[in-house]
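Chain and residue survey
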Amino acid sequence: MQKLLSASRLERLGILAWYALLFLQVFNKFGALRLLAALVLLATLTIMSIRNLIAEHRIGLPHSIALMGMLLTTWIITVSAVGPYPVDSLHALRKDLLTQILLFSGGWLFVNSSTDAWRALGVILVSFLTLTLLSVIEIVGYWSTAGFTTNIPHGHDQWTGGYGAIGAILVPATIAWAFMPGRATHMRQAALMFSLLAIVLVVLYWGRTHVIVMLLGIALILFLARQWRLLIAIFLSVAVCVVLLATSTTSTTERYRSLLHPQTYVSNIGLSMRPALWQGTLEVISQRPILGYGYGWKKLAWAINDQGFAALWSADKTNSFNIFLTNGKASYGRVNPHNYFLQVVFEIGIPGLVLVVTFWVMLMRHGIGLLRYSNPKDLHGFAIAGVGFLVTYWASNFTNGLWVGSLANLSLAVGGMLVALSCVKRSSKG
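Right, let's walk through the structure included here. (Residues numbered from 1 in each chain as written. Predicted model: local features only at pLDDT ≥ 70, side-chain atom pairs only at ≥ 80, totals over all residues. Heavy atoms only, no water.)

**Focus on the packing of aromatic side chains**
In this description, a pair of aromatic rings is defined by centroid distance and the angle of the planes. Rules: Only rings of Phe, Tyr and Trp enter the pairing, Trp through its six-membered ring, and a pair is recorded when the two centres are within 6.5 Å. The plane angle decides the type: under 30 degrees is stacked, over 60 is edge-to-face, the rest tilted. We count a stretch as a helix when DSSP gives it H or I for four or more residues in a row; a strand needs E for two or more, and each element gets its number in order from the N terminus. Burial classes follow relative accessibility: with a 1.4 Å probe on protein chains only, a residue under 20% of its type's maximum area counts as buried, one over 50% as exposed, and anything between as partly exposed.
Across all of its chains, the model carries 30 aromatic pairs by this definition. Residues tyrosine 295 and tryptophan 403 carry aromatic rings whose centres are separated by 5.9 Å and whose planes lie at 65° to one another, so their mutual orientation is edge-to-face. With tyrosine 295 in the loop between helix 11 (274-285) and helix 12 (300-306) and tryptophan 403 in the loop between helix 15 (377-396) and helix 16 (406-429), the pair connects residues that are 108 residues apart, well separated along the chain. We classify tyrosine 295 as buried; its relative accessible area is 1%. One aromatic cluster is present, built from ring pairs that chain together Phe104, Trp108, Tyr295, Tyr340, Phe341, Phe359, Trp360, Tyr393, Trp394, Phe398 and Trp403.

**Overview of the nonpolar core**
Let me state the cut-off plainly: Grouping buried Ala, Val, Leu, Ile, Met, Phe, Trp, Tyr and Cys residues that are joined through side-chain atoms within 4.5 Å yields what is termed a nonpolar core. Residues count as neighbours in contact if any of their non-hydrogen atoms are within 4.5 Å of one another.
By size, the foremost hydrophobic cluster in this structure holds 130 residues, and its most contacted members are Trp18, Leu22, Ile304 and Trp360. A per-element tally of this core places helix 14 (residues 340-369) first, with 14 residues. Not counting residues up to four positions away in its chain, the partners in contact with tryptophan 18 are Leu41, Leu102, Leu103, Gly106, Gly107, Phe110, Val111, Ala120 and Met417.

**Brief notes about helix 14**
The criterion, for reference: Multiplying 1.5 Å by the residue count of a helix minus one yields the expected span of that helix. Here the bend at a residue is taken as the angle between two axes, fitted respectively to the seven residues that end there and the seven that start there. In the analysis that follows, any N or O atom pair within 3.5 Å is treated as a polar contact, provided that within protein one partner can donate a hydrogen and the other can accept it, and provided that, for residues neighboring in sequence, both atoms belong to side chains.
Compared with the 44 Å implied by 1.5 Å per residue over 30 residues, the 25 Å span of helix 14 between its first and last C-alpha is markedly short. Of all the bends in helix 14, the greatest reaches close to 125° and is centred on isoleucine 348; the proline proline 351 follows between one and four positions later. One side-chain oxygen of the residue at the start of helix 14 lies 3.1 Å from the amide nitrogen of phenylalanine 341, identifying that residue as asparagine 339.

**As for the environment of leucine 134**
With respect to the helices and strands, leucine 134 occurs in helix 5 (residues 114-146). Considering only alpha carbons, one finds leucine 134 and glutamine 158, 24 residues apart in sequence, at a separation of 9.6 Å. Residues contacting leucine 134, with those up to four places away along its chain left out, are Phe27 and Trp159.

**Some thoughts on the pattern of salt bridges**
Note that side chains of opposite charge can pair when their charged atoms are close. As a reminder, the rule being used: For this document, the term salt bridge refers to a Lys or Arg side-chain nitrogen within 4 Å of an Asp or Glu carboxyl oxygen.
Taken as a whole and judged by the stated rule, the model has four salt bridges. Across the pair arginine 119 and aspartate 116 runs a salt bridge whose closest N-O atoms are separated by 3.2 Å. Taken together, the positions of arginine 119 and aspartate 116, both in helix 5 and three residues apart, correspond to about one turn of that helix. Relative accessible area serves as the criterion here: at 42%, arginine 119 is assigned to the partly exposed category. The residue arginine 257 makes a salt bridge to glutamate 254 at a minimum N-O spacing of 2.5 Å. Of this pair, arginine 257 and glutamate 254 both sit in helix 10 (residues 254-257), three residues apart, roughly one helical turn. In this structure glutamate 254 comes out as partly exposed when scored by relative accessible area, which is 36%.

**What about the packing of helix 3 (residues 64-82) against helix 4 (residues 86-110)?**
For clarity, the threshold we go by: Orientation is described by axes fitted as lines to C-alpha atoms, over the contacting stretch for helices, and by angles from 0 to 180 degrees between their N-to-C directions. Working definition: roughly parallel below 35 degrees, roughly antiparallel above 145 degrees, roughly perpendicular at 65 to 115 degrees, and oblique for all remaining angles. Residue type decides the class: Asp, Glu, Lys and Arg count as charged, Ala, Val, Leu, Ile, Met, Phe, Trp, Tyr, Cys and Pro as nonpolar, and the leftover types, Gly among them, as polar.
As a packed pair, helix 3 and helix 4 sit with axes 10 Å apart at the nearest point and diverge in direction by 170°. Taken as axis vectors, helix 3 and helix 4 run roughly antiparallel relative to one another. Here helix 3 contributes Ile65, Ala66, Thr73, Ile76, Ile77, Ser80 and Ala81 to the contact with helix 4, which in turn contributes Pro86, Ser89, Leu93, Leu97, Ile101 and Trp108. For the contact of helix 3 with helix 4, the class distribution of residues is 10 nonpolar, three polar and no charged.

Take a look at the structure:
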């Protein structure tokens with residue numbers, strides 16, 4: 001038994017569990033496998049931590065970002081325990097927060113070099129490739145029965161469910177992988193061809209935010225990688241598409257054509273009722289702005305009903321806040337705030353938001369610090385991929401609440417890798 005759980009074997013088991021959890025994040029399915037991978041990773045990290053404490057005979061001062069993470073976690077658990085819905089919060093803590101802690105910890109503990117980081121990013125991109133191929137098969141199958149159409153269903157139980165948000169972040173990451181220093185020409189070409197296929201699927205998802213974020217992410221990656229010719233080609237391609245959209249009169253392209261109208265960015269219609277969602281969420285937040293309602297956004301419906309907002313809003317039939325309601329009541333898990341900052345304040349209050357923003361600022365500083373051209377090329381290349389990943393993730397959060405879920409989980413894993421590489425870089429200098 002001692003041999004079976006030797007330090008090297010235990011670490012390899014933890015790495016495999018971490019890889020498995022990374023790989024499964026992009027899929028709507030396989031919940032049982034994700035849970036199994038998380039449990040194995042939790043067990044291995046716990047045993048490794050205990051062994052390290054015993055070996056060192058002392059508890060050292062935590063790294064500053066680890067300390068901030070501990071403070072944030074403590075605050076989340078505290079406000080959830082004293083909030084009005086502790087049982088629901090406990091379920092969300094187990095389902096979401098624990099996964100985030102495990103993936104971030106795995107990125108920090110298991111990455112000791114840029115080679116390790118590229119390998120882990122490769123796991124994520126292979127899962128994205130798998131999801132893309134399954135989505136293509138699903139779409140072709142749909143076309144075979146319904147005929148060719150750009151109106152493709154994207155239900156939660158389908159492979160394409162959520163593909164727009166995932167593709168918006170992982171397409172730029174794929175391009176960053178393609179331009180990794182030393183990448184073979186044929187591998188680079190294959191990655192770029194795959195990126196084109198994924199771009200088509202994101203466009204067919206008809207998510208305007210997703211397309212904007214994806215294009216910004218691609219531009220950022222190419223800029224940081226100094227791929228000027230390709231950056232100019234992308235800019236010209238987008239310019240041509242804008243001209244074609246402006247002159248188009250077909251109803252099919254109306255959703256993207258609306259991006260050319262200023263009213264799209266300020267109105268309920270243009271922002272798909274988001275201003276109403278945000279204003280309604282602010283009214284609910286105003287009742288508990290410091291402590292929030294506890295971890296987990298789905299309880300927003302209960303807060304609306306219990307605080308009397310459902311009755312107030314349904315009384316006025318012209319009130320746009322009725323978007324929250326079904327037959328005069330808010331339904332659990334039906335509508336979320338669609339904004340990261342509002343969602344965080346709703347769950348863990350204004351102090352919680354301050355802790356969250358501080359944590360991410362500290363994390364981003366580690367990534368940006370690795371962008372120096374004096375660093376080795378492979379390390380600099382991964383910094384481009386990692387920073388690009390986090391920037392596109394945050395760009396998605398202004399009209400979407402990705403505080404939890406697969407993209408938040410993957411972003412924290414990438415963040416953990418950047419912190420690990422930053423620590424390795426500093427120790428090598430010391």
